[in-house]
Amino acid sequence: MKSFFKMALASMVGIIVSFFILLIVMILIVGVIISSAEDEKVRVYSNSVLHMPLNHPIIERGTKGPFDNIDIGGIGASRSMGLNDILISINNAKSDDKIKGIYLDLTNIQAGLATSEEIRNALLDFKKSRKFILAYSEVYTKDSYYLASVADKVYLNPEGILEFTGFSSELMFFKGALEKLEIEPQVIKVGTYKSAVEPFILDKMSEANRQQVTSFLGSMYDHYLQRISASRNVPKDSLFSIANQLKVKTAADAFTYKLVDGLRYKDQILDELKSRTGTDKDKDVKSVTLASYIKNNEREDGDFDTRIAVVYASGDINSGEGDDESIGSERISRAIRKARTDEKVKAVVLRVNSPGGSALASDVIWREVVLTKKVKPVIVSMGDLAASGGYYISCAADSIFAQPNTITGSIGVFGIIPNMQKFFNNKLGITFDRVKTGEYADLGSVARPLTETERLVIQKEVNRIYNSFTKRVAEGRKKTQQYVDEIGQGRVWSGSEALKIGLVDKLGDFDDAIRSAATMAKIKDYRIVSYPIQKDPLDAFFDKSGDDIREYFAKQELGDQYQYYQKVKAALRFKGVQARMPFDVVVR
């Protein structure tokens, strides 16, 4: 028996030691991968084509992680691409003598309309080099066709599909489900259009909400048709008619109405690419994928002692640190403060892509923008969204740039506390009792309804925050607070609409904002530096590996329904008074 325990103990020790040795080896291997991935440059052969499939989610800022090329059981397959990297690559390809053209291999673009606009503008600029752009797909969605329409030649598979049906925005409402669960959403808000709470209290859009959605969706659609009209040389009215009457049902229809230049199979596309690059028919087309070409990007050029700092603020706004996919007030404030106190930084560009979030966290960031503006120019560049809290942190800047299809405004605030007493009592058989040392000690409890006095207290706080919000906007935009209140009320605007009412200064992309910052700072030769500083790839991997695995399996189980799970999960994270977009805009 004694020898048995000795052997068992020895085996356990051996297993533990082996585990740690294996772990150390894995870490070393990962370190080698990181080192080689960071240093590796991709060779580009003469007469090559830049292959752009754009089949991964496009985020504001590319990550340093080298794990994008590693796929363990499918978990690594959800890698993303940075918009900044894509734009730099297209610009580099423009002057790269070895790149003869771009092949847009498009189906569905996983990005918002303003992000697509940035890429589309970069492709238009690329065409100034007189290099070709060829687009091909078996299926064009509305967003992928928007990009494809800029190409010299747009081809579609003979049996393929081109979606050209107009825009729609579908909202989801939880009122019926909450009633069945006997959960009462107790809503306190300011703003006629502050419809973030509508899904919890209504079963359809209010008239005010329908009005604003109709307005900004129409503005975005008008811009969409205008740009396609200019690229395809088809009158805008004709495009509207084609979509409105569903004239494009087949690939042949798309050709008939001049939305595409021809119907081709993949082998025919490859033959044309060979012809355009001077490649022999019996040889393969030389190409480099965008994901690979990005590795050759040189992010830091210019005078080292003269810098423009780009601060990326992307995602929901909350207190704390946040990460690359969310805006933590501490992390972003620290980044702005660092840019402000760095004498080498002559101007700051705040890149905002956010639906908003915590009003308090937004105010913390706003303060840093105000302080920075006193010592150096601050320019805001808006992405897909810069609404509510996203606009809050933008409004103090010297100048604001937005795309025509940016969603912004939503100047309003709300609070919501669910009363789950009946749910606990009637559905679960759970009751509560309490002892408290003060009248308001349990204010905010979900186990009982608010009293009228408590509701009044919270309403006053919401009103106070709305007053502060509109005052901040009025000061930053040099408007009266009354005017801001009139265009506020939680109403959402497109970038084009926001320009007309004075919420933004110019329509333009990220590069326009950079150039404006340089002009205001009176500098010509400068280096762009990015903040916040991204985590070491190894640290980031181990910090998020568990989250990535959970997210992967949730997506596998829920499929298309994963988006609804995300919305419910996000709603459960609401804390304090919110300055948040009233809904997620998904153009279909």
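Residues numbered from 1 in each chain as written. Predicted model: local features only at pLDDT ≥ 70, side-chain atom pairs only at ≥ 80, totals over all residues. Heavy atoms only, no water.

Asks: When you look at the overall build of the protein in this model, what are you seeing that I'm missing?
Replies: On a plain count of helices and strands, the protein comes out with 21 helices and 23 strands. Per-residue burial for the protein yields a buried fraction of 49% across its 588 residues. For the protein, contacts bridging at least 24 residues in sequence account for 76% of all contacts bridging at least 6. When the accessible surface of the protein is split by element, carbon and sulfur atoms take 53% of a total near 29,100 Å². (Helix = DSSP H or I, 4+ residues; strand = E, 2+ residues; numbered from the N terminus. Buried < 20%, exposed > 50% of the residue type's maximum accessible area, 1.4 Å probe, protein only. Contact = heavy atoms within 4.5 Å. Areas by Shrake-Rupley, 256 points an atom, 1.4 Å probe, with all protein chains shown as cover.)

Asks: Where do I start with the packing of aromatic side chains in this structure?
Replies: Two aromatic rings are characterised by how far apart their centres lie and by the angle between their planes. As enumerated under the stated definition, the model contains 13 aromatic pairs in all. Ring centres of phenylalanine 424 and phenylalanine 432 lie 5.1 Å apart, and the angle between their planes is 70 degrees; on these two criteria the pair is classed as edge-to-face. The exposure class assigned to phenylalanine 424 is buried, which follows from its relative accessible area of 16%. Relative accessible area serves as the criterion here: at 44%, phenylalanine 432 is assigned to the partly exposed category. Here the aromatic residues Tyr140, Tyr145, Tyr146, Phe164, Phe167, Tyr221, Tyr224 and Phe240 are joined through ring pairs into a cluster of three or more. The ring of tyrosine 146 is capped by arginine 120, whose NZ or CZ atom sits 4.7 Å from the centre of that ring. For arginine 472, the ring lying beneath its charged end belongs to tryptophan 366, and the centroid distance is 4.0 Å. (Phe/Tyr/Trp six-rings, centres within 6.5 Å; stacked < 30°, edge-to-face > 60°. Lys NZ or Arg CZ within 6 Å of the ring centre and 35° of its normal.)

Asks: Just checking my understanding: could you explain the side chain of serine 219 for this structure?
Replies: Within the secondary structure layout, serine 219 lies in helix H7 (residues 207-232). According to the relative accessible area criterion, serine 219 is buried, its value standing at 16%. Beyond its immediate stretch of four places on either side in the chain, serine 219 contacts Ser494, Ser496 and Glu497.

Asks: I would appreciate a short explanation of unusual backbone geometry in the present structure.
Replies: Peptide bonds are, in most cases, trans, and in most cases residues other than glycine have a negative phi. Cis peptide bonds are those with omega within 30 degrees of zero, and the linkage from tyrosine 531 to proline 532 qualifies with -5 degrees. Among the structural elements, proline 532 can be located in the loop between strand S22 (527-531) and helix H20 (537-558). A positive phi is found at arginine 130, a non-glycine position, where the angle reads about 70 degrees. The residue lysine 258 is not glycine, and still its phi comes out positive at about 65 degrees. In this structure, lysine 258 sits in the loop between helix H9 (251-256) and strand S8 (262-263).

Asks: In this structure, what is going on with the nonpolar core? I would like to understand it.
Replies: A general tendency of soluble globular proteins is for nonpolar side chains to be buried together. Grouped together as the largest cluster of nonpolar side chains are 61 residues, with contacts concentrated most on Leu123, Leu162 and Phe164. Take this core: its biggest share by element is eight residues, from H7. The next biggest cluster of nonpolar side chains, apart from the first, holds 53 residues, and it includes Ala309, Val345, Ile365 and Ile400. (Core = buried A, V, L, I, M, F, W, Y, C linked by side-chain atoms within 4.5 Å.)

Asks: What should I look at first to understand the sheet that holds strand S6 (residues 153-162) in this one?
Replies: Hydrogen bonding along the main chain pairs the strands of a sheet, whether they run parallel or antiparallel. Read across the open sheet, the six strands follow the order S8-S6-S5-S4-S1-S9; overall the sheet is parallel. Since the sheet does not close on itself, it has two edges, and those belong to S8 and strand S9 (287-289), each with one partner. Looking at chain direction, strand S1 (residues 48-52) and S9 are connected through three bridges and run parallel. Bridge pairing in S9 places leucine 50 opposite valine 288. (Pairing = 2+ DSSP bridges.)

Asks: Please clarify how the packing of helix H2 (residues 83-95) against helix H3 (residues 113-126) should be interpreted in this entry.
Replies: Packed helices, taken two at a time, are described by their axes: the angle between them and the distance between them. Axis separation between H2 and H3 bottoms out at 9 Å; the angle between their running directions is 10 degrees. The orientation of H2 with respect to H3, classified from their angle, is roughly parallel. On H3, the residues that touch Leu83, Ile86, Leu87, Ile90, Asn91, Ala93 and Lys94 of H2 are Thr115, Glu118, Ile119, Ala122, Leu123, Asp125 and Phe126. (Axes fitted to C-alpha atoms, helices over the stretch in contact; angles between N-to-C directions. Parallel < 35°, antiparallel > 145°, perpendicular 65-115°, else oblique.)

Asks: Explanation requested: a positive patch on the surface in the structure shown.
Replies: Taken together, the side chains of Arg43, Lys98, Lys283 and Lys286 present a region of like positive charge at the surface. Residue classification places arginine 43 among the exposed positions, given a relative accessible area of 63%. (Patch = residues over 30% accessible without salt bridge, like charges linked within 9 Å, V, L, I, M, F, W, Y side chains within 5 Å. Salt bridge = Lys/Arg side-chain N within 4 Å of Asp/Glu carboxyl O. Lys, Arg positive; Asp, Glu negative; His and termini not counted. Charge placed at Lys NZ, Arg CZ, Asp CG, Glu CD.)

Asks: What is the right way to look at the pairing of strand S17 (residues 399-402) in this model?
Replies: With burial as the criterion, each face of S17 is covered, one bearing Ser399 and Phe401 and the other bearing Ile400 and Ala402. The pairing of strand S16 (residues 378-387) with S17 spans three bridges and is classified as parallel. Its bridge partner lying in S17, serine 381 is registered against phenylalanine 401. Pairing between S17 and strand S21 (residues 506-507): two bridges, direction parallel. Each bridged residue has a counterpart across the sheet, and for alanine 402 the counterpart in S21 is leucine 507.

Asks: Hey, could you run me through the side chain of glutamate 60 in this one?
Replies: When you line up the elements, glutamate 60 lands in the loop between strand S2 (58-59) and strand S3 (81-82). A distance of 2.8 Å separates a polar atom in the side chain of glutamate 60 from a polar atom in the side chain of asparagine 353. Contact partners of glutamate 60, with chain neighbours within four places excluded, come to Gly82, Leu83, Asn84, Thr115, Tyr312, Ser314, Arg351, Asn353 and Gly383. (Polar contact = N/O pair within 3.5 Å; in protein donor to acceptor, adjacent residues only side chain to side chain.)

Asks: I would appreciate a short explanation of helix H16 (residues 452-477) in the present structure.
Replies: An α-helix turns once per 3.6 residues; consequently, residues spaced three or four apart project the same way. With 26 residues, H16 extends 37 Å between its outermost C-alpha atoms, agreeing within 8% with the 38 Å of an ideal straight helix rising 1.5 Å per residue. In the stretch just after H16, lysine 478 is the one whose phi turns positive, near 55 degrees. (Expected span 1.5 Å × (residues − 1).)

Asks: So what exactly am I meant to see when it comes to the pattern of salt bridges here?
Replies: Two side chains with opposite charge may pair up if their charged atoms get near one another. Per the counting criterion, the structure on display carries 25 salt bridges. Linking glutamate 60 and arginine 351 is a salt bridge whose minimum nitrogen-to-oxygen distance equals 2.6 Å. Pair noted here: glutamate 60 is in the loop between S2 and S3 and arginine 351 is in strand S14 (residues 345-354), with a separation of 291 residues, a long-range link. Arginine 351 matches glutamate 60 in its accessibility class, with the two residues each being buried. A salt bridge links arginine 472 to aspartate 363; the shortest N-O distance between them is 3.0 Å. Pair noted here: arginine 472 is in helix H16 and aspartate 363 is in helix H13 (residues 359-373), with a separation of 109 residues, a long-range link. Looking at aspartate 363, the relative accessible area reads 21%, which means it is partly exposed. Residues joined in a network through salt bridges with shared partners are Arg434, Lys436, Asp442, Arg448 and Glu454.

Asks: Quick question: what am I supposed to make of H3 here?
Replies: Here H3 spans 20 Å end to end across 14 residues, near enough to the 20 Å set by a 1.5 Å rise per residue. Counting buried positions along H3 yields 12 of 14 residues, so the element is predominantly enclosed. If you check which residues of H3 are buried, you get Leu113, Ala114, Thr115, Ser116, Glu117, Glu118, Ile119, Arg120, Asn121, Ala122, Leu123 and Phe126.

Asks: Explain a nonpolar patch on the surface to me, please; I cannot follow it from the model alone.
Replies: Taken together, the side chains of Leu428, Ile430 and Phe432 define a hydrophobic patch exposed on the protein surface, amounting to about 270 Å² of accessible area. Since its relative accessible area comes to 47%, leucine 428 is described here as partly exposed.

Asks: Explain the pairing of S16 here, please?
Replies: Sheet faces and side chains relate simply in a regular strand, where the side chains alternate between the two faces. Among the 10 residues that make up S16, nine are buried, leaving the element largely enclosed by the rest of the structure. Pairing between S14 and S16: six bridges, direction parallel. Looking at S16, one finds that valine 349 is bridged to isoleucine 379. Sheet topology note: the S16/strand S18 (residues 407-409) ladder contains three bridges and is parallel. Residue pairing in the sheet places alanine 387 in a bridge with glycine 409 of S18.

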